[in-house]
Amino acid sequence: MINRIKNAFENIAVWFLPSKYANLLLCRRRGRWSNYFISAESAMEEQWRTIIWPLIKDFSFDAVLELAPGAGRNTRKLCSVAKRVLAVDLNEYALRQCRRQLGDSVSGCRIEYHRNNGRDLRMIEAGAISAVYSWDSAVHFDKEVMEHYIAEFARVLRPGGKGFVHHANLGDQAHKNIKRNPHARSNMSKELFARYCRDNDLVVIDQIDMPWGEIVDCITLFAKHGKIDA
Ligand SMILES: C[S@@+](CC[C@H](N)C(=O)[O-])C[C@H]1O[C@@H](n2cnc3c(N)ncnc32)[C@H](O)[C@@H]1O
C-alpha cells in the first residue's frame, strides 16, 4: 500500500519536475535497483569477457573511477586488474550492498566508497583518476546529468587517462519518466555525448553501437589529452 502511494506521488512529481530533477528523483528511489542487482549478476562474466575487456584492455588501471557501481558486479571485475577503485553512487543502499560483498579490498585492489549527489564528483581531486568506467548505469542518466558528469570526467582524469561509458541513445524519443522507456533508458544520445566531450576538451576515441533487446545503446570511449605517467 505504502509503495503504491509512493509510486503515485513519484509519477505526479515527475510530470511537473524539469527533466534532470525528475531523473534524479526516479534514480534515487530507495530499493529501485535491488531486483536488478540480483538478476544482472549472472550476465557479468560474459559481458566482461566478450564486450567490455576487449575495449578497455589498454587502459591504465592505476586509479579507476567506477561511476554507479550498484551492488558491485563490475567492481569485482575491475579489482582483478586495478590498484585502486573509487566507487561513486547516488544511493547509499547500493554502496552498502557493494561494501558488504567486496569489503575494502579485493585481490589487493583498494576500494573507496563515496555517495554523491547524482551529478558531481567533488570528493575526487583534479587529475587523480587514470580511467573512468561505467557499465549499465549511465544508460539511465538524464542528458543534463550526463553533461555535469562529463565536465567532471575532464577534471578528475589525468592527462592521457581514458574513459569507457555505456549510455543511452534514445535522444528526443525518450519520455522524461524513464520508467516509460524501454529498459528505463534516458534521453541521452551518442551525438550529445560527443558534443559534451568536445565542450570539455576530451577526445572521443570511438562510439560503438550496443544492442540491448529491442533498442541500441552506445558505448563511448574517450581520452584526456596528454601522456599518462604510469
Ligand atoms: C541498474 S544499476 C547498475 C549498477 C552496476 N553498474 C551494474 O552493472 O550492476 C544503476 C545504478 O546507478 C546508480 N545511479 C543512478 N543514477 C545515478 C546518478 N545520477 N549518479 C550516480 N549513480 C546513479 C543507482 O544507484 C544504481 O546503483
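Quick caveat, the model's predicted, so the values are computed rather than measured.

Engineer: Help me out: how do you make sense of the overall build of the protein in this one?
Structural biologist: If you tally the helices and strands in the protein, you get eight helices and eight strands. Taking 230 residues into account, the globule formula puts the C-alpha radius of gyration at 17 Å, and the protein, at 17 Å, falls close to it. Burial statistics for the protein: of 230 residues in total, 42% are counted as buried. Contacts in the protein between residues at least 24 apart in sequence constitute 68% of all its contacts with a sequence separation of at least 6.

Engineer: Got a minute to help me understand the sheet that holds strand β1 (residues 64-67) in this structure?
Structural biologist: Sheet strands associate in pairs through backbone hydrogen bonding, adopting either a parallel or an antiparallel arrangement. The eight strands are arranged β3-β4-β2-β1-β5-β6-β8-β7 in an open sheet whose pairing can be described as mixed. Each end of this open sheet is capped by a strand with a single partner; those strands are β3 (105-106) and β7 (202-212). As paired strands, strand β2 (residues 84-89) and strand β4 (residues 109-115) are joined by six bridges and run parallel to one another. Counted as the bridge partner of V85 is I111 from β4. Its contacts with the sheet place helix α7 (residues 143-156) against β1, β5 (129-134), β6 (157-167), β7 and β8 (215-224), and it is angled at close to 155° to β6.

Engineer: Looking at this model, I keep getting lost on the pairing of β6. Mind explaining?
Structural biologist: In regular strands, side chains alternate between the two faces of the sheet. By the criterion of burial, β6 is predominantly enclosed, with eight of the 11 residues buried. Where β5 lies against β6, five bridges are found, and the strand directions are parallel. Paired with V132 across the bridge in β6 is G163. Handedness of the crossover joining β5 and β6 through α7 is recorded here as right-handed. As paired strands, β6 and β8 are joined by six bridges and run antiparallel to one another.

Engineer: How should the pairing of β2 be read in this particular structure?
Structural biologist: Where burial is concerned, most of β2 is hidden: five out of the six residues are buried. With four bridges connecting them, β1 and β2 associate as parallel partners. Looking across to β2, one finds that L67 is bridged to V88. The parallel pair β1 and β2, bridged by helix α5 (residues 73-79), forms a crossover whose chirality is right-handed.

Engineer: Can you help me understand the site of the ligand in this one?
Structural biologist: Every one of the 20 residues lining the ligand counts as a neighbour, but C27, A68, G70, N91 and G118 are closest to it. Going through the elements one at a time, α3 (34-40) and α5 are the ones with two or more residues in the shell around the ligand. Class assignment for the residues of the shell around the ligand results in 11 nonpolar, six polar and three charged.

Engineer: Help me understand the nonpolar core, please; the structure alone is not making it clear to me.
Structural biologist: Most often, soluble globular proteins have nonpolar side chains that are buried together. Among the nonpolar cores identified, the biggest contains 54 residues, and L65, V85, V132 and M146 are the most heavily contacted of them. The element that contributes the greatest number of residues to this core is α7, accounting for seven residues. Non-local contacts of V132, meaning those with residues more than four positions away in its chain, are made with L65, L67, F153, L157, G163, F164 and V165.

Engineer: Is there a simple way to think about the environment of N7 in this case?
Structural biologist: Here N7 shows up in helix α1 (residues 2-16). Note on N7: 12 C-beta atoms within 10 Å, which makes it exposed. Sequence-wise, N7 and R29 are 22 residues apart; in three dimensions their C-alpha atoms are separated by 9.7 Å.

Engineer: Sorry, what's going on with the packing of α1 against helix α2 (residues 19-28) here?
Structural biologist: The packing of two helices is summarised by the inter-axis angle and the distance between the axes. Between α1 and α2, whose axes approach to 8 Å, the crossing angle comes to 160°. Taken as axis vectors, α1 and α2 run roughly antiparallel relative to one another. Once α1 is placed against α2, the crossing between them reads as left-handed. Contact with α1, carried on its side by E10, A13 and V14, involves A22, L25 and L26 of α2 and no other residues of that element. The residue inventory of the contact of α1 with α2, partitioned by class, reads five nonpolar, no polar and one charged.

Engineer: Looking at this structure, how should I read α7?
Structural biologist: The end-to-end C-alpha separation of α7 is 20 Å, in line with the 20 Å expected for 14 residues at 1.5 Å each. Most of α7 is tucked away, with 10 of its 14 residues classed as buried. Taken together, the buried positions of α7 are occupied by K143, V145, M146, E147, Y149, I150, E152, F153, A154 and V156.

What counts and what doesn't
- Residues numbered from 1 in each chain as written.
- Predicted model: local features only at pLDDT ≥ 70, side-chain atom pairs only at ≥ 80, totals over all residues.
- Helix = DSSP H or I, 4+ residues; strand = E, 2+ residues; numbered from the N terminus.
- Rg over C-alpha atoms; globule rule 2.2 N^0.38 Å.
- Buried ≥ 20, exposed ≤ 12 C-beta atoms within 10 Å, placed from the backbone.
- Contact = placed C-beta atoms within 7 Å.
- Pairing = 2+ DSSP bridges.
- Axes fitted to C-alpha atoms, helices over the stretch in contact; angles between N-to-C directions.
- Right-handed = clockwise from strand over helix to strand, strands pointing away.
- Near = placed C-beta within 6 Å.
- Nonpolar A, V, L, I, M, F, W, Y, C, P; charged D, E, K, R; others polar.
- Core = buried A, V, L, I, M, F, W, Y, C linked by C-beta atoms within 7 Å.
- Parallel < 35°, antiparallel > 145°, perpendicular 65-115°, else oblique.
- Left-handed = near helix turned anticlockwise from the far one by under 90°.
- Expected span 1.5 Å × (residues − 1).

Purely geometric numbers; function is a separate question.
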